[in-house]
Amino acid sequence: MTVSVVLFTSDLRLHDHPPLHAALAAADEVVPLFVLDDAIEDAGFGAPNRRAFLADCLRDLDAGLRDRGGRLVIRSGDVAEEVCRIVSETGAGDVHVAAGVSGYAQRREERLREELGSQGCRLHVHDAVITAVAPGTVTPSGAGRDHFAVFTPYFRRWSDAPQRTPFDAPRTVRVPAGPRSAAPPARAGVAGVSAGLAQGGEAEGRRSFTAWRRHGLGQYEERHDDLAGDATSRLSPHLHFGTLSPTELVHRARTAAGPGAEAFVRQLCWREFHHQVLAARPSASRTDYRSQHDRWRTEQSAADDIAAWREGRTGYPLVDAAMRQLLHEGWMHNRGRLLASSFLVKTLYVDWRVGARHFLDLLVDGDIANNQLNWQWMAGTGTDSRPNRVLNPVLQARRYDPDGTYVRRWVPELAGVDGGAVHEPWKLGAEERARCDYPEPLVGLAEGLARFRDARGLD
DNA sequence: TATTCGTTCAT
DNA sequence: TGAACGAAT
C-alpha cells in the first residue's frame, strides 16, 4: 500500500489541482493535509477576514473530500514538522505541494526539501497551481533578465505560453484511517471580521464564477471601472486561496471569447505579472523595487493623517467611500484601491508600507505579490514607468462615479447630497454643508502635490 | 555574437 | 521616461 501526502497551501480546491492529481495517480492512498501555521499568526498575517474566509475554505474542502470518500486532515503548528509527522505516521514516500512565490513559501519549500530528504521521502513541487503560467517560465529575450518589469511585453509572451487543460476533480479520494485531524476552524470563532465579508470555499467560488461568467463577463470591458456598478468579478479572494484555479479561469474565459473575456484575462495576467516579479525579487515585498530616494512621512510623523485615511474621514468623499468599503467588506473595488493608495502615498506622502500593511490587515484577498507590488506601483517605486503621476480624487470621481452613487452608498453623512455635487462637499452652501456631519479636506490637493513634487525634486 | 539604435507603448 | 523588442551594425 503506497501513501502520498498532498500539502494544501493557497490552493484549497479539488478541481484542477495538479498535486492532488499526481498523488492520486501514483499512490493507493492520499493524505490531504492542511497545516494552520503558527508562523503566519506570529508574523501578523493571520488577519481576521482571511482567517474567517479560510475557515469556510477548509470546511468546504473537507466536505468535498468526504463526498469523495475521503476527508481533510488539519493540523496546527510548524508546517515542516507536521508534514514530517504525518509522513512517519503513514509511511508516505512522497509529498506533493504547489510552488509558491513569497519568501515565506520559498522558505517553507526549502525546509520541506531538507527535512523530508533526511527521512527518505520525496518532495514534488508542482508549478502552475497558484498561477496559470509559472513564474520564470516566461522571461525577456535579452540575456541576464530573469523577469519582466513591464506589463505589456509580459502579457504578450504570457498569452502565447502553453497552458495545460484543467484537470477535473477526482471521483474518489482514499485517505488512510490513521492520521488524526483537528476539527475544521469555524468562521464564527473568529473575532473582528468585517460585517459584509464574502463567503469562502470552492463550491462558493465555482458558483460565483459561473454566475459572473454568464451575467458579468460580457460587459466587463466597459463596466469594470464603474465604481457604483460593482461589475468586477469579485473573484480575488478565491484566487488568493486557490478555491478557483487561474488555469481554469483563463481556459473558460478564452472559451467564452469576446472583448469582456479578453479584458478579464488581461486582469488575471496582472496578478501573474506581479507573481513573477516577486518570485524574482522577494525583497520587493518590503523594500523599494526601484527607489526614488523618498523620505516618506511615517506612522509617527503623520499619525493623524494616517488615522483619518484608515477610518475614511479624509474629507475626500471618494477616498473615504473606498476606505469604508474596505472596513465593511474586507474588500475594495480595484479602482478604489488605486485612488485610496495614490491619496496616501502621493497626496499625504506617507510610506507605502503603512498603506500596504493596513490593506493586508483587512483585505480578504490580501496577497503579498499583488498587494505590495500594486502599492509600489502607486508609490512610484515599483514597475510603473511614470513614477510621479498623482491621481486627483475629484477628477477620478467625475470619471468613475459620475453621479455619486458609490459615495452615497458608503458615506451616509453625504447621502442627502444629490448627483456629482457629492464629490465636492466644500463647495456646498453653508446651510447644506452644516446638515452633513462630514469633515473638511485633510489637506488641499495643491498643497499635497507641492509637497510631493518638492520631496521628489521635481520642478 | 554582442551592442546600439529606433520604435512602440504604458492600469 | 524607460523597458522591451527587433533590426542593423
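Notes on the structure follow. This is a predicted model, so every value here is computed, not measured. (Residues numbered from 1 in each chain as written. Chains lettered and ligands numbered in written order. Predicted model: local features only at pLDDT ≥ 70, side-chain atom pairs only at ≥ 80, totals over all residues. Heavy atoms only, no water.)

### Remarks on the protein's contact with DNA strand C
Piece 1. As a structural note, the neighbourhood of DNA strand C is formed by Pro 140, Ser 141, Arg 145, Phe 148, Ala 149, Val 150, Pro 153, Arg 157, Arg 290 and Ser 385.
Piece 2. At 3.2 Å, a side-chain N or O of Ser 141 approaches a phosphate oxygen of DNA strand C.
Piece 3. Separating a phosphate oxygen of DNA strand C from a backbone N or O atom of Val 150 is a distance of 3.5 Å.
Piece 4. Grouping the constituent residues of the surface near DNA strand C by class yields five nonpolar, two polar and three charged. (Near = heavy atom within 4 Å. Polar contact = N/O pair within 3.5 Å; in protein donor to acceptor, adjacent residues only side chain to side chain. Nonpolar A, V, L, I, M, F, W, Y, C, P; charged D, E, K, R; others polar.)

### A few points about helix H20 (residues 445-455)
Piece 1. Turning to H20, its buried residues are Gly 448, Phe 452 and Ala 455. Down the axis of H20, the smallest arc covering the buried residues is 65°, so these residues share one side. Structural note: H20 exposes Ala 446, Glu 447 and Asp 454 on the side pointing more than 90 degrees away from its buried face.
Piece 2. Along its buried surface, H20 packs onto helix H14 (334-347). (Buried < 20%, exposed > 50% of the residue type's maximum accessible area, 1.4 Å probe, protein only. Helix = DSSP H or I, 4+ residues; strand = E, 2+ residues; numbered from the N terminus. Arc of directions from axis to C-beta. Contact = heavy atoms within 4.5 Å.)

### Remarks on the protein's contact with DNA strand B
Piece 1. Taken together, the neighbourhood of DNA strand B is formed by Phe 151, Thr 152, Arg 266, Gln 267, Trp 270, Asn 334, Leu 338, Trp 377, Ser 385 and Arg 389.
Piece 2. Among the atoms of DNA strand B lying within 4 Å of the protein, the sugar-phosphate backbone contributes 47%.
Piece 3. Between Asn 334 and DNA strand B, the recorded distance is 3.2 Å, taken from a side-chain N or O atom to a base oxygen.
Piece 4. In this structure, Ser 385 approaches DNA strand B through a side-chain N or O atom, which is 3.1 Å from a base nitrogen.
Piece 5. Contributing elements (two or more residues each) for the surface near DNA strand B: helix H6 (151-160), helix H11 (259-280) and H14.
Piece 6. At three residues, H11 tops the list of elements feeding residues into the surface near DNA strand B.

### Some points on the pairing of strand S1 (residues 3-8)
Piece 1. In terms of burial, S1 is a largely internal element, six of the six residues being buried.
Piece 2. Of the two faces of S1, the one carrying Val 3, Val 5 and Leu 7 and the one carrying Ser 4, Val 6 and Phe 8 are both buried.
Piece 3. As paired strands, S1 and strand S2 (residues 29-37) are joined by six bridges and run parallel to one another. Of the residues in S2, the one forming a bridge with Val 3 is Glu 29.
Piece 4. Relative to strand S4 (residues 94-98), S1 is paired through four bridges, and the arrangement is parallel. Note that in S4 the partner of Leu 7 across the bridge is Val 97. (Pairing = 2+ DSSP bridges.)

### Remarks on the sheet that holds strand S3 (residues 73-77)
Piece 1. Read from one edge to the other, the open sheet built from five strands follows the order S3-S2-S1-S4-S5, with strand pairing classed as parallel. Edge positions in the sheet fall to S3 and strand S5 (122-126), since each of these pairs with one other strand and no more. Strand-to-strand twist of the sheet, defined as the mean angle between neighbouring strand axes without regard to direction, takes the value 25°.
Piece 2. Against the sheet, helix H3 (residues 48-67) contacts S1, S2 and S3, and its axis sits at roughly 170° relative to S2.
Piece 3. Packed on one face of the sheet, helix H5 (residues 103-117) meets S1, S2, S4 and S5 and runs near 155° to S5. (Axes fitted to C-alpha atoms, helices over the stretch in contact; angles between N-to-C directions.)

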